[in-house]
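Here are the chains, one letter per residue:
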Amino acid sequence: MEPKTNTDSGHAVSRRDFVKGTAAVVGSLMASQFPLTASAYYGVDDTIKVGLIGCGGRGTGAALQALSTTQNVQLVAMADAFRDRLDESYDNLTNPEFEDWSGQTVENSQERIDVPEEHKFVGFDAYKEVIPLVDVVILTTPPGFRPIHFEAAIAADKQVFMEKPVATDAPGIRKILEVAEIAKQKKLNVVVGLQRHYQTVYREWIQRIHDGAIGEIVLGRVYWNSEGVWVRDRASLEEKAGRKLTEMEYQMRNWYYFNWLCGDHIVEQHIHNLDVANWVKQANVAEPGTEVHPVRAQGQGGRQVRKGIDHGEIYDHHFVEYEYADGSRVLSQCRHIEGCMNRVSEGFHGTKGTAPKPGELYDASGHSIFKYRDKDDPNPYQVEHDELFAAIAAGEYKYANAQRGAFATMTAILGRMATYSGKVVEWEEAFHSNLSLAPERYAWDADPPVMPDEHGYYPAPMPGVTQVI
Ligand SMILES: NC(=O)c1ccc[n+]([C@@H]2O[C@H](COP(=O)([O-])OP(=O)(O)OC[C@H]3O[C@@H](n4cnc5c(N)ncnc54)[C@H](O)[C@@H]3O)[C@@H](O)[C@H]2O)c1
């Protein structure tokens, strides 16, 4: 029998009741009758059960961060499209020596992980099995699945941590926004892994920009120029499997290179910098909490080095000029090519000064007015989980990040539409586009929406020809 504690009103409500379904406790009429306070939920069975959906590199890291919070968090269920990915993640999480790519480890992880064989689920429907077993879901599959998984999690009254991007096309964005509204009504916490919002240097820097330190923002410059990411090539995958893969299996493994799964690298990685641009531009908005986004974009891009049969359909560079409603511009560049200038950063220019990179502000004469010293900055990946689980444990509703995640993702999709088409693309037409990238059927024998030609190559977008709306 689960211990109970009392609310202010004297009615017994367990913290598990809150975690299991805030909607049932807070979102209903009861909320006004029996207001909850943080202190209402200590001293009870405080286990917060977590389910991981998408057990790859980031999912394993996010689970590790959830388990590293000070709350009593337990990983109890896991889902992945592929059994070997799930096993690898489980083995890593239960290995005391394991560090994720950010160098983080978790203490006592073995005690905090209780995922019996019958709680390990595989395949396209695996998420459906995990969700009922847990209080919090971690959604870390490729972004093409995020709208489906988010909708299922919120329908089941679960609290959510989900990675960016939150979709790969406009119908997916609209689904996320629709579900975000339901999550708000149900008072379910939703944190999106745009971790700069949980990073002290960005918080301190952008707060000062919002407070007017450099005046109105007239220009932004945002970059994700790097050497690129992994390729999971068909030959090696088939050699490992000892058989030919179906086209669906291959694309699911090598997902980065297919837009229905990834959205192109402008969406998958550069979203972070475009999100910062929208965040900074909120300085010019009178109404707090309003999501700011560009009103149109034009740009160019292409494939200089991504020419092989395992490079799918995505570009390796994009340059986009975004225009905001006040006429200001944000210039965005992202590149995945080795041997070039690498830069992942943001800079802004205002009517009274400049913010050339995160943590620095200068007045119009070039004198430093702010320099952030970040020696002891906590890991933002950890902070986003610390804050989320602290809120959940306290019975608080504090995080509604889905809308921000949707606008940041849509900003990146708008850029992709501009570079693929070579045309000026209006936010309104892009946002309302019914062009869905999703396959008709999710099954290992189903055809994905883009198929290779007889030589194994995929059609790449061609400016002036490709239709994007
Ligand atoms: N915030 C950040 O800095 C950051 C860093 C890395 C990755 N990410 C994001 O995390 C997500 C995952 O990236 P990753 O690097 O971990 O990729 P990954 O390939 O390592 O992991 C993805 C996992 O999801 C599984 N999967 C695919 N479809 C699934 C489905 N329908 N159901 C269940 N499992 C499914 C895959 O088999 C794989 O194991 C992406 O959205 C990525 O953009 C964010």
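Look above for the structure.
In this text, all values refer to a predicted model and were calculated from it rather than measured experimentally. (Residues numbered from 1 in each chain as written. Predicted model: local features only at pLDDT ≥ 70, side-chain atom pairs only at ≥ 80, totals over all residues. Heavy atoms only, no water.)

This part covers unusual backbone geometry. Here the residue pair Lys164 and Pro165 is connected by a cis peptide bond, since its omega of -25° sits within 30 degrees of zero. Tracing the backbone through its elements, the reader meets Pro165 in the loop between strand 7 (159–162) and helix 9 (170–186). For Asp157, which is not glycine, the phi dihedral falls at a positive 65°. For Asp157, the location among the structural elements is in the loop between helix 8 (146–155) and strand 7. When its relative accessible area of 19% is taken as the criterion, Asp157 is described as buried. Positive phi outside glycine occurs at Asp264, with the angle close to 85°. Its place among the elements puts Asp264 in the loop between helix 12 (247–253) and helix 13 (265–268). (Helix = DSSP H or I, 4+ residues; strand = E, 2+ residues; numbered from the N terminus. Buried < 20%, exposed > 50% of the residue type's maximum accessible area, 1.4 Å probe, protein only.)

In the region of the ligand, 28 residues are neighbours, and Arg58, Asp80, Arg146, Glu268 and Tyr381 sit closest. Glu268 is positioned with one of its side-chain polar atoms (N or O) 2.5 Å from an oxygen atom of the ligand. Protein coverage of the free-state accessible area of the ligand, which is 850 Å², stands at 93%. No other element matches the three residues that helix 4 (residues 57–67) contributes to the shell around the ligand. (Near = heavy atom within 4 Å. Polar contact = N/O pair within 3.5 Å; in protein donor to acceptor, adjacent residues only side chain to side chain. Areas by Shrake-Rupley, 256 points an atom, 1.4 Å probe, with all protein chains shown as cover.)

The next point concerns the pairing of strand 9 (residues 217–226). Across the 10 residues of strand 9, eight count as buried, placing the element largely inside the fold. Of the strand pairs in this sheet, strand 9 and strand 13 (residues 343–350) are connected by eight bridges, and their pairing is antiparallel. Note that in strand 13 the partner of Gly220 across the bridge is Phe348. Relative to strand 12 (residues 329–336), strand 9 runs parallel, the two sharing eight bridges. Bridging across to strand 12, Ser226 finds its partner in His336. (Pairing = 2+ DSSP bridges.)

It is worth spelling out the pattern of salt bridges at this point. Using the criterion set out here, one finds 27 salt bridges in the structure. The shortest N-O distance in the salt bridge between Glu268 and Lys164 comes to 3.6 Å. On the criterion of sequence distance, the pair formed by Glu268 in helix 13 and Lys164 in the loop between strand 7 and helix 9 is long-range, its members being 104 residues apart. In this pair, the class of Glu268 matches that of Lys164, namely buried. Linking Arg296 and Glu323 is a salt bridge whose minimum nitrogen-to-oxygen distance equals 3.2 Å. Taken together, the residues span a long stretch of sequence, with Arg296 in strand 10 (residues 296–302) and Glu323 in strand 11 (residues 317–323) at a distance of 27 residues. (Salt bridge = Lys/Arg side-chain N within 4 Å of Asp/Glu carboxyl O.)

Our focus in this paragraph is the packing of aromatic side chains. This structure, assessed with the given rule, holds 20 aromatic pairs. Their ring planes at 50° and their centres at 5.4 Å tell us that Phe145 and Tyr442 sit as a pair that is tilted. Of this pair, Phe145 sits in the loop between strand 6 (136–139) and helix 8 while Tyr442 sits in the segment after helix 17 (427–431); the two residues are 297 residues apart in sequence, bridging distant segments of the chain. On the basis of relative accessibility, which here comes to 7%, the residue Phe145 falls in the buried class. Tyr442 gets classed as partly exposed once you look at its relative accessible area, which sits at 29%. An aromatic cluster is present here, built from Phe82, Phe124, Phe145, Trp260, Tyr442 and Trp444 joined pairwise through their rings. The cationic tip of Arg232 hangs over the ring face of Trp230; the distance from NZ or CZ to the ring centre is 3.5 Å. (Phe/Tyr/Trp six-rings, centres within 6.5 Å; stacked < 30°, edge-to-face > 60°. Lys NZ or Arg CZ within 6 Å of the ring centre and 35° of its normal.)

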